[in-house]
Amino acid sequence: APGGTVTDLTVCSNGRIAFGITGNGTAFTPTESDWLAFTVPEVAVCWHDFQPNAAGSGTIKREEVNGVVYVTWDGVYSWNQAVGDTFQAQFNLSTGDITLVYDANWSNLGNDYLVGALGFGPIQTGNPYDLSVDLSGGIAHFDNEVLPLALDSNPPSLGGSWDLTTTNIDPVSPIAITFFSSAAGPGLPVTAIGINAPGCSAWLGGSILSALSAPNAGGTATLPVQVPNNTGIIGTVLAGQSLCLTLSNPANLLFSNGLTGTVGY
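Residues numbered from 1 in each chain as written. Predicted model: local features only at pLDDT ≥ 70, side-chain atom pairs only at ≥ 80, totals over all residues. Heavy atoms only, no water.

1. Details of the overall build of the chain
A count of helical and extended segments in the chain gives two helices and 15 strands. Taking the contacts inside the chain whose residues are at least 6 apart along the sequence as the reference set, 58% of them involve residues at least 24 apart. (Helix = DSSP H or I, 4+ residues; strand = E, 2+ residues; numbered from the N terminus. Contact = heavy atoms within 4.5 Å.)

The following block contains the structure:
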């Protein structure tokens, strides 16, 4: 879940599921302003004015099977209507994947419907988007935008400070660790060396010379390295790469891009 793990899901009858024991209230009219004002990470499976306690309405059901939690609105009526909608959220407890499933028939009664995920990454708003084109071809899943761990720096110069800045650090990681070597590598997928962090690569070549850490402050860590005022090191090349902790892959590690610095005047 965003920022770590949770042990509770709070289900709102109006088609929303919040992460944690505290939800975002029971508002029944889906508006962009209310959505952006919510403070708890949440999935709007189908935010709408539902009335599951109406006579004849279907109910909201929850079950856990083989490590997947299913929350289902099973033929639940819209407010003051006698036609139900059916949809489901599936939470995979081992991978963290969330799957949203919808019945083909919709009543389209009452106020609007809103589908989205809040608190998982940068919020994007704008003009309404018609999903019907995508749905006609089938959608396997929606990917939340996750910014990669990134390493940048100023040019190293004699007698100066080579400041290496790591950004997009996972909130669960108290520090970022930057490793140094004498050469850059070709970008070896770390899964090839037994580290189960899909999509990450190792960008350092040769032997590791040192490793230094810096504290995570709001997703950014700055590591100052003092460059000796010695003309004998002009032209020396150092390669760097940062790592941080994460809950987003089985290895619990994120790897940054590689970076090289050549000492100059």
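2. Regarding the sheet that holds strand β12 (residues 201–215)
Read from one edge of the open sheet, four strands run β12-β11-β14-β15, paired in antiparallel fashion. Unpaired on one side and paired on the other, β12 and β15 (253–262) mark the two borders of the sheet. Each strand of the sheet is rotated relative to its neighbour by a mean of 30°, with strand direction disregarded. Bridge analysis of strand β11 (residues 175–189) against strand β14 (residues 237–245) gives five bridges, and the strand direction is antiparallel. Bridging from a neighbouring strand, S181 pairs with A239 of β14. (Pairing = 2+ DSSP bridges. Axes fitted to C-alpha atoms, helices over the stretch in contact; angles between N-to-C directions.)

3. Quick notes on a nonpolar patch on the surface
A cluster of nonpolar residues, Y102, W106 and V115, forms a patch on the protein surface that exposes about 250 Å² of accessible area. With respect to the helices and strands, the residue W106 is situated in the loop between β7 (98–102) and β8 (114–118). Among the residues examined, W106 registers a relative accessible area of 32% and is labelled partly exposed. (Patch = residues over 30% accessible without salt bridge, like charges linked within 9 Å, V, L, I, M, F, W, Y side chains within 5 Å. Areas by Shrake-Rupley, 256 points an atom, 1.4 Å probe, with all protein chains shown as cover. Salt bridge = Lys/Arg side-chain N within 4 Å of Asp/Glu carboxyl O. Buried < 20%, exposed > 50% of the residue type's maximum accessible area, 1.4 Å probe, protein only.)

4. Digging into the sheet that holds strand β5 (residues 68–77)
Working definition: the strands of a sheet are paired by backbone hydrogen bonds and lie parallel or antiparallel to each other. A sheet is described by the order of its strands in space; here four strands give the open sequence β4-β5-β6-β7, paired in antiparallel fashion. This sheet does not close on itself; its edge strands, each paired only once, are β4 (60–65) and β7. If you compare each strand with its neighbour and ignore which way they point, the axes differ by 15° on average. Where β4 and β5 come together, six bridges link them in antiparallel fashion.

5. Quick look at the pattern of salt bridges
Inspection of the entire model under this criterion finds three salt bridges. Note that K61 and D74 form a salt bridge whose closest N and O atoms lie 2.7 Å from each other. Taken as a pair, K61 in strand β4 and D74 in strand β5 lie far apart in primary sequence, 13 residues in all. The exposure class of D74 is partly exposed, given its relative accessible area of 32%.

6. Description of the confidence of the model for the chain
Residues at a pLDDT of 70 or more form 88% of the chain, whose mean pLDDT is 86. Of all helices and strands in the chain, the one with the weakest mean pLDDT is helix α2 (residues 132–137) (54), whereas strand β13 (residues 220–226) scores best (96). Here residues 138–145 is modelled with pLDDT under 50, and outside its nearest four sequence neighbours on either side it reaches eight contacts, counting other chains as well. (pLDDT = per-residue confidence, 0-100.)

7. Things to note about the environment of N252
Its place among the elements puts N252 in the loop between β14 and β15. For the pair N252 and N196, spaced 56 residues apart in the sequence, the C-alpha separation amounts to 8.5 Å. With near-sequence residues (within four places) excluded, N252 lies in contact with C244, L245, T246 and L247.

8. Some words on the nonpolar core
Grouped together as the largest cluster of nonpolar side chains are 16 residues, with contacts concentrated most on W162, L164 and I169. Elements supplying a minimum of two residues to this core: β10 (161–167), β11, β13 and β15. I169 has contacts with L149, I175, A176, N216, G219, T220, A221 and C244, leaving out every residue within four places of it along the chain. Counting residues in hydrophobic clusters, the runner-up holds 13 residues, among them F19, W73, V76 and F87. (Core = buried A, V, L, I, M, F, W, Y, C linked by side-chain atoms within 4.5 Å.)

9. Concerning the side chain of N216
Residue placement: N216 occurs in the loop between β12 and β13. Separated by 3.4 Å, the side chain of N216 and the backbone nitrogen of T220 make a polar contact. Contact partners of N216, with chain neighbours within four places excluded, come to I169, D170, P171, S173, P174, I175 and A221. (Polar contact = N/O pair within 3.5 Å; in protein donor to acceptor, adjacent residues only side chain to side chain.)

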